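So you can see what is in the structure, the chains are spelled out below.
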Amino acid sequence: MDFKEELNAKVKIVDEYMEKFLPPAEKYPSVIFEAMRYSVFAGGKRLRPIMVMEACKAFGGDVEKAMPFACAIEMIHTYSLIHDDLPALDNDDYRRGRLTSHKVFGENMAILAGDALLHHAFETMAEACVKENDLKYTRAMLAIARGAGVNGMVAGQVVDVISEGKQIDKDTLDYIHKNKTAAMIIGALKAGAEIGGAGEEEIKKIERAGELIGVAFQIQDDILDVTSTLEELGKPINSDEKNHKVTYATMYGVEGASKIVEDMSNEALDILNGMGERMSFLSRLTEYLIKRKN
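Residues numbered from 1 in each chain as written. Predicted model: local features only at pLDDT ≥ 70, side-chain atom pairs only at ≥ 80, totals over all residues. Heavy atoms only, no water.

All right, on to the overall build of the protein then. Within the protein, the regular secondary structure consists of 14 helices and two strands. The C-alpha radius of gyration computed for the protein amounts to 18 Å, which stays within 12% of the reference 19 Å derived for 294 residues, consistent with globular compactness. Its C-alpha atoms put the protein at 50 × 50 × 35 Å along the principal axes. Classification of the 294 residues of the protein by burial places 54% in the buried group. Of the contacts formed within the protein by residues at least 6 apart in sequence, a portion of 72% connects residues at least 24 apart. About 13300 Å² of surface is accessible on the protein, with carbon and sulfur atoms providing 52% of the total. (Helix = DSSP H or I, 4+ residues; strand = E, 2+ residues; numbered from the N terminus. Rg over C-alpha atoms; globule rule 2.2 N^0.38 Å. Buried < 20%, exposed > 50% of the residue type's maximum accessible area, 1.4 Å probe, protein only. Contact = heavy atoms within 4.5 Å. Areas by Shrake-Rupley, 256 points an atom, 1.4 Å probe, with all protein chains shown as cover.)

What follows covers the packing of aromatic side chains. Under the criterion given, the structure shown has six aromatic pairs. Geometrically, the ring pair formed by Phe3 and Tyr288 is tilted, given 5.6 Å between the ring centres and 50 degrees between the ring planes. Note that Phe3 is positioned in helix α1 (residues 3–21) and Tyr288 in helix α14 (residues 280–290), a separation of 285 residues in sequence. In this structure Phe3 comes out as buried when scored by relative accessible area, which is 15%. Given a relative accessible area of 22%, Tyr288 falls into the partly exposed group. A centroid spacing of 6.4 Å and a plane angle of 25 degrees characterise the contact between Tyr17 and Phe21, whose relative ring orientation is stacked. Highlighted residues: Tyr17 and Phe21, both in helix α1, separated by four residues, approximately one helical turn. Tyr17 sits in the buried class, given a relative accessible area of 17%. Pairwise contacts between aromatic rings join Phe3, Phe281 and Tyr288 into one cluster. Over the face of the ring belonging to Phe281 we find Lys10, whose NZ or CZ atom lies 4.8 Å from the ring centre. (Phe/Tyr/Trp six-rings, centres within 6.5 Å; stacked < 30°, edge-to-face > 60°. Lys NZ or Arg CZ within 6 Å of the ring centre and 35° of its normal.)

The structure is reproduced here in structure tokens:
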């Protein structure tokens, strides 16, 4: 099985578990569950849940027990996309090749669908923590909460919003990328590693690799916003220009930004490869991300 086939097989596993953890669309009031599922099952790389699974597996953990956390982080990621697309933020009409939640269900229901996914994510993780009654699962939930919250993704989103139309410096741009994008990837890898039983030094290494992968991923996203097409990307291109945002692509040019992506990814690979064959899939995933076209 080549890497793409292996990746698709893991995406399928995540989708099967998402069906298990999400409420059925028929439950009353059905519109909210339809809206939640519309965005969750709109496609996507399932990057963060796969990172939870693979980090857990790499450190010898039971992947089955990591699945509530893997699915929860995908719910959180999806809620953030629903809210990002709203007129008050990025005002995008398309996500993953189809209409965004607020264009289908209205702004009010899109906001509530995002809220519902966020809270259901924590309900899913809390139930797993109670069931397992082991501190490592609570630490996993904390890693995801910290990555998603006011000391992570939300902080990055805030600075992103207040920086629109301003000539921000590299430090501010790095703050946005490290929090808005990398914090959730760190949370995914750390949560999986915690469940897998990783030691303190191993956790530090996986956190650093996650930061590098996350920032490189976001820079590549910014490059694709300039160089890709709506058909390839599945969402509008040039949205950063439309929203008057400074990115690595505008600050360093596409070629310069691409070199930074390569350097960061290589540093992340050095860390992962230095931890042995158990990190093989995560290493290949990192290589795949820097070469992606969408």
